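# Results of the structural survey
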Amino acid sequence: MTITIRGKQINLQSGMDIAIGPYLYFRYHPMPDFQTFAEAAARDKLLIKRCKRCGNACSPARIACPKCISCELNWEESKGEGTVYTFTIVRQALSDAWNNKIPYVVALIQLTEGVYMLSHVVDADIDRIHVGMPVKVTFREFDGMKLPAYCPK
Amino acid sequence: MLKDIAIVGYGDSYLTREEAKSGKVKTPLQLAVESTSNALHDANLTTDDIDGLLTGRAPFGDRRWQWNQIIAQELKLATKFSTEVTLHATGNLIMLAYAAMAISSGYVNYVVCVNADNQAVPSRQSQEANAVSESDVWFEMPYGTYAAVMYALVCERYKYEHNISPAQAALAAVNMRKWAINHPIAAMKDKGPITVEDVLKSRVICTPLHLLDCSVYGQPPGAGGAVILTTVERAKKLTDRYIHLLGFGGLNTHEYICAKIDSKTHQGRNIWSTLASTGAKEASEDAYAMAGLSPKDMGIVSISDQFTYIAMMNLEGCGFCKLGEAGRFLEKGGIDYDAGGIPVNTNGGYLSFGQLNQVAEVTRLIEVVRQMRGEPLGKKVDTPRYGLIQAHGGVESCNGVVILGNEVPKK
């Protein structure tokens with residue numbers, strides 16, 4: 001169960017530390033569920049989770065339902081619709097990898113299922129992006145993986 | 001019940017820009033040890049007296065695990081109670097509360113609370129690492145997040161919910177700079193005062209944040225600070241210059257930004273209802289209640305000002321104005337000391353003194369302690385009866401408030 005990021009093969013069950021400087025590192029923690037999420041995104045599907053016990057929808061990263069703490073969560077394909085809860089137009093990059101991409105728009109999307117996802121707003125007139133703007137999911141490449149992004153509905 | 005607790009001594013140590021330019025080096029461990037040594041001498045204590053040691057998170061400049069043990073060993077301490085407090089920057093403040101609880105139980109007598117850091121890691125890298133430690137590397141980091149980006153998302157939502165104007169936010173930066181130009185160690189001490197226009201003209205980092213809306217990250221080159229806590233009864237035998245720890249409060253709600261919003265309540269509190277909130281509200285409410293004081297009693301204040309909008313949210317959370325009202329509060333000179341406003345972040349805060357990696361919170365704590373003792377390094381305020389320090393860290397994840405006093409309020 002591995003995934004390749006930044007040219008390195010990371011085992012999703014054990015995680016890995018990747019050095020980014022003399023004293024600092026990115027810690028890729030164990031996250032087997034990311035494999036399911038990324039594989040679905042590669043097939044243009046946005047997955048969230050839903051609690052079997054109480055029916056609450058939650059983030060695909062969750063291990064337990066935030067409402068009732070049941071650990072029985074089922075994968076569910078999201079309708080892929082929501083609004084921009086907040087956003088920022090990034091005009092200064094901190095890494096060389098992102099220098100070529102500025103300006104880019106990072107946003108917190110509130111899906112209709114009540115789940116909040118961090119992502120990008122793409123294919124939009126940057127000056128017209130606003131809190132409350134309706135969006136729908138699309139899929140783009142990030143860090144070499146096909147992942148969800150959101151475009152104006 | 002909390003016993004009467006006091007700060008019986010404090011110590012600090014710095015590596016100034018001038019020293020760093022001349023090639024001088026100070027490791028975080030050196031700064032931590034120097035600070036504690038100064039605090040012990042200030043308190044008329046020896047290492048024999050110390051039986052507890054707390055630190056905030058291990059510094060960027062020395063990331064060994066068991067940071068508290070590294071310091072204790074260097075000081076030749078034997079502790080009964082010791083840990084690294086893992087609550088982001090808040091750990092550096094709320095460790096005072098944890099020390100108070102341990103002392104109050106009777107288990108330990110004297111607890112050192114200390115931390116330090118330096119500029120060993122380039123600011124850009126430490127910001128990137130910061131983002132990673134505060135973003136989900138799988139679900140968030142692929143989108144090019146870094147610390148300011150995460151905070152920008154919070155600031156934009158706060159701006160939206162309460163109709164804050166960039167000019168209002170800029171006033172926070174303007175006021176912090178006024179203090180910094182009088183502080184010998186502040187990063188911006190030689191840069192002169194700034195105007196609202198200066199802030200709004202500075203380049204955009206990520207909306208709504210201009211450069212001057214953001215803290216000076218990774219400055220000064222080195223800093224350390226330590227306080228020693230004990231009971232008031234013991235403090236009286238050592239010095240007449242002790243400071244009362246009157247109240248504290250904390251609230252920790254999440255780690256990654258997506259988990260900050262939820263419809264769930266906790267003990268009847270709506271703590272996850274919006275991104276545009278800090279736990280300063282709940283933390284300060286608990287602290288005021290414990291101390292038997294209110295915002296108007298505070299003669300000095302220090303709030304987390306990683307960004308101007310965040311400073312506003314924390315001023316609101318700590319009750320210096322109503323929620324959503326910080327814009328008008330700043331416009332009316334609420335924190336303009338020359339105009340009769342509250343002295344806030346009298347060393348210049350993160351916005352103009354600097355925010356040095358993992359010791360940042362400690363520099364603000366030390367500034368308040370120094371002002372309460374009447375011996376600040378920079379411009380002095382009228383010696384306060386009571387002071388409030390608020391901290392938060394992560395993406396608004398962990399929050400803490402501590403209230404200090406030069407006297408005890410009458411019940």
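Look above for the structure.
What you are looking at is a predicted structure, and each value in this text was computed from that prediction instead of being measured. (Residues numbered from 1 in each chain as written. Chains lettered and ligands numbered in written order. Predicted model: local features only at pLDDT ≥ 70, side-chain atom pairs only at ≥ 80, totals over all residues. Heavy atoms only, no water.)

## A word on the pairing of strand S2 (residues 8–11) of chain A
Residue and element names in this part refer to chain A. This is how it is decided: Only strands that DSSP links by at least two bridges are regarded as paired with each other. Helix and strand labels come from DSSP, where a helix needs a run of H or I of at least four residues and a strand needs a run of E of at least two; each type is numbered from the N terminus.
Pairing analysis gives 4 bridges linking strand S1 (residues 2–5) to S2, with the strands arranged antiparallel. Each residue of the ladder has a partner; that of Ile5, found in S2, is Lys8. In sequence, S1 turns back onto S2 through a hairpin of 2 residues, with Arg6 there showing a positive phi of about 50°.

## So, the sheet that holds strand S7 (residues 73–77) of chain A
Residues and elements named next belong to chain A. Our working definition: Only heavy atoms enter the contact rule, under which two residues are in contact if any of them lie within 4.5 Å. Between N-to-C directions, angles span 0 to 180 degrees; the directions come from axes that are lines fitted to C-alpha atoms, helices contributing only their stretch in contact.
Across the sheet, 3 strands lie side by side as S6-S5-S7; this open sheet has antiparallel pairing. Two strands close off the open sheet at either side, each with one partner strand: strand S6 (57–58) and S7. Taken together, the 5 bridges between strand S5 (residues 47–51) and S7 define a ladder with antiparallel strand orientation. Each residue of the ladder has a partner; that of Leu47, found in S7, is Glu77. Most of the contacts of helix H1 (residues 33–42) go to S5, to which it runs at about 130°, and overall it touches S5 and S7.

## A short note on the sheet that holds strand S4 (residues 111–118) of chain B
All names here are of chain B. Strands sit in the order S3-S2-S4-S7-S1-S8-S11-S10-S9 across an open sheet of 9 strands; the sheet is mixed. The sheet is open, and its two borders are formed by strand S3 (81–84) and strand S9 (300–302), each paired with just one other strand. Between one strand axis and the next, the sheet turns by 20° as a mean value, whatever way the strands run. Bridging between strand S8 (residues 243–252) and strand S11 (residues 398–405) involves 8 bridges; their strand directions are antiparallel. Bridge pairing links Gly249 to Val401 in S11.

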